[in-house]
Amino acid sequence: MRQFVLIIILILPQWILSKEPVALISKLRGVVNNKMFSDDEYQSKTNLNTPIITESQIRTNDNSFTKVVYLDDGTSISMYPQTELIIRGTINNRFILKQIYLVNGILRVNVTQQKIGIFKLVTPYSELTCKECGFWIISDELNGDKFIKESGDSEVWNTSMNITAELVSDSTLISQLKVNFNKYKTPIADVKYIEFLMFEADEIPQQYKIEDHQTQESDTTLNIVVIKLKNAA
């Protein structure tokens, strides 16, 4: 009888741990679906602040967007239209060992300094790892993975070729099945496309500065609106 009780005590914490959320939906536009590891099909709709349990699968539809944020340090994954991924996380002393499996689509990832282990993004073609970094990835079956660096140091491993490369600023790295890396200067057209995606998702806030100039000589109030624009280059 004592042995039976001991087994229950050992197993129960692991069961509870598997049910503990590792992330949540912090931003939502349009229709986004999610599927927990225990579900057979996607739920019809995801709501804002939905808790995400490890091995949950998330999918954005046409013209939809969502941002997933890990609960321990704010590491964020922005999912653009027609993207599908699996969120993974192992909780260790209140910190989360993070891994994403990208099925296909477009992500912008912002990884804060990791307290334990490394962040890992896995695709059918590549694995990216870093301790602190920011990057874009556009992944599809036809073209493989397109990585664009924003910040930090990150390394990409092409699993089919067993070769690695670091992401470089102002450059695009292509990783494909059984093909050597292709690296080139990021075209302005790609930069503009990324800015368009961010603008459509309201990820580039419009900044307005309004100044009221009042003089003693006149009761007239002058409102000046300054719109700051970011050059695509």
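Residues numbered from 1 in each chain as written. Predicted model: local features only at pLDDT ≥ 70, side-chain atom pairs only at ≥ 80, totals over all residues. Heavy atoms only, no water.

1. Here's the deal with the overall build of the protein chain
Along the protein chain, the regular secondary structure elements total 2 helices and 16 strands. Looking at the protein chain residue by residue over its 233 residues, the buried ones come to 36%. For the protein chain, restricting intrachain contacts to residue pairs at least 6 apart in sequence, the fraction spanning at least 24 positions comes to 43%. Accessible surface for the protein chain amounts to roughly 14100 Å². Of this, 53% is attributable to carbon and sulfur atoms. (Helix = DSSP H or I, 4+ residues; strand = E, 2+ residues; numbered from the N terminus. Buried < 20%, exposed > 50% of the residue type's maximum accessible area, 1.4 Å probe, protein only. Contact = heavy atoms within 4.5 Å. Areas by Shrake-Rupley, 256 points an atom, 1.4 Å probe, with all protein chains shown as cover.)

2. Re the packing of aromatic side chains
The way to describe two aromatic rings as a pair is by their centre distance and the angle between their planes. All chains considered together, the criterion is met by 2 aromatic pairs. The side chain of Arg 59 reaches across the aromatic face of Tyr 42, ending 4.0 Å from its centre. Here Lys 98 stacks its cationic end above the ring of Tyr 70, 5.5 Å away from the centre of that ring. (Phe/Tyr/Trp six-rings, centres within 6.5 Å; stacked < 30°, edge-to-face > 60°. Lys NZ or Arg CZ within 6 Å of the ring centre and 35° of its normal.)

3. Quick look at the pairing of strand E14 (residues 179–185)
Across 5 bridges, the pairing between strand E13 (residues 171–176) and E14 is antiparallel. Considered in E14, the bridge of Ser 171 is made with Lys 185. (Pairing = 2+ DSSP bridges.)

4. Re the state of the cysteines
Here the structure, examined in full by the defined rule, presents 1 disulfide. The partner cysteine of Cys 130 in its disulfide is Cys 133, sulfur to sulfur 2.1 Å. With the S-S bond torsion at -55°, the cross-link from Cys 130 to Cys 133 turns out left-handed. The class for Cys 133 is buried, based on a relative accessible area of 1%. (Disulfide = S-S within 2.5 Å.)

5. Things to note about the pattern of salt bridges
Summed over the entire model, instances satisfying the criterion amount to 8 salt bridges. Across the salt bridge formed by Lys 98 and Asp 72, the nearest N and O atoms sit 3.0 Å from each other. One end of the pair, Lys 98, is in strand E8 (residues 95–111); the other, Asp 72, is in the loop between strand E5 (65–70) and strand E6 (76–79), with 26 residues separating them in the sequence. Judged by its relative accessible area of 2%, Lys 98 falls in the buried class. Between Asp 73 and Lys 98 there is a salt bridge, and its shortest N-O distance comes to 3.1 Å. With Asp 73 in the loop between E5 and E6 and Lys 98 in strand E8, this residue pair connects regions lying 25 residues apart in the sequence. For Asp 73, a relative accessible area of 24% gives the class partly exposed. In this structure, a network of salt bridges that share partners links the residues Lys 27, Lys 67 and Glu 203. (Salt bridge = Lys/Arg side-chain N within 4 Å of Asp/Glu carboxyl O.)

Just distances and angles here, no functional claims.
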